[in-house]
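Listed below are the residues making up each chain.
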Amino acid sequence: MIKLKYTVLFVLFVALVSCDTTAKLSKEAQEEYLSKGKDISQKTFKLLSGNLMQQMQQGGPSQALPFCNLQAIPLTESIALQENVQLKRLSTLYRNIKNKPNVAEERILNTYNRALINGEKLSPVLMSSPTGKPQFYAPIIIGEKCLSCHGTVGKEISLKTDSLIKTMYPKDLATGYKVGDLRGIWSIQF
Ligand code: HEC
């Protein structure tokens, strides 16, 4: 029953998204923004994870954590500037409060989470922002490499790493994840 409800909600969500955008953008323009969104989010992911892995290899989480703390947002911003878009990584269970979603973004996160629970495939979506601008969202999924900082404390996250995380982010919400969980979303406004 619950599963059916979520499926219906997700289908409704997809339908709403499609109606919303088709009203304002041609099919070709939608495809183009979707593909641009995918490119930009993948490029940012590569930049962030490339730097992260380098730091991890050099000094493990105690070197990579301060690096993320200082560089995650500036690195993301550098691509936003280059691509002339607004680019964010958002999560309901955020580490940095600057990545806290607003109400509309939280709705997208919840919809993705429900779809994931239902075993549905999560795909990027294109919709229209309240100001009528093309707005892209895509899911961010937890992989093996993320667990040393977003996994379970005492299991994948060492006690030393945990205390470092709590020093930098006293109100951290971003632990307890497993591989395949939804960590957050990319949000790109063109
Ligand atoms: C070395 C530790 C470390 C690893 C490994 C790591 N992260 Fe993070 N993550 C952080 C830190 C620190 C922040 C907060 C960055 C900031 O302050 O801007 C963060 C923030 C995030 C955010 C933004 C939302 C939030 O909670 O603030 C996302 C999304 C995210 N990480 C996804 C991932 C994914 C996906 C992986 C694996 C590919 C990963 N992280 C691996 C440390 C890590």
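A quick note: this is a predicted structure, and the numbers were derived from the prediction, not measured. (Residues numbered from 1 in each chain as written. Predicted model: local features only at pLDDT ≥ 70, side-chain atom pairs only at ≥ 80, totals over all residues. Heavy atoms only, no water.)

**Some details on the coordination of the iron atom of the ligand**
For the iron atom of the ligand, the protein supplies a single donor, His150 (NE2), at a distance of 2.1 Å. Counting through the fold element by element, histidine 150 comes out in helix α4 (residues 147-150). (Donors = N, O, S within 2.8 Å, 3.2 Å for Na, K, Ca; no water. Helix = DSSP H or I, 4+ residues; strand = E, 2+ residues; numbered from the N terminus.)

**A closer look at the site of the ligand**
For the ligand, the set of nearby residues contains 24 residues, the closest of which are Arg95, Cys146, Cys149, His150 and Tyr169. A distance of 2.6 Å separates an oxygen atom of the ligand from a polar atom in the side chain of tyrosine 169. Listing elements by their share of the shell around the ligand, those giving two or more residues are α2 (27-83), β3 (134-141) and α4. Among the elements that line the shell around the ligand, the one with the most residues is α2, at seven residues. Here the shell around the ligand is composed, by residue class, of 15 nonpolar, five polar and four charged. (Near = heavy atom within 4 Å. Polar contact = N/O pair within 3.5 Å; in protein donor to acceptor, adjacent residues only side chain to side chain. Nonpolar A, V, L, I, M, F, W, Y, C, P; charged D, E, K, R; others polar.)

**Remarks on helix α5 (residues 159-168)**
Along α5, the residues classified as buried are Thr161, Asp162 and Ile165. Around the axis of α5, the buried residues are gathered within 100 degrees of arc, so they sit on the same side. Exposed and oriented more than 90 degrees from the buried face of α5 are Leu159, Lys160 and Thr167. Packed against the buried residues of α5 are α2 and α4. (Buried < 20%, exposed > 50% of the residue type's maximum accessible area, 1.4 Å probe, protein only. Arc of directions from axis to C-beta. Contact = heavy atoms within 4.5 Å.)

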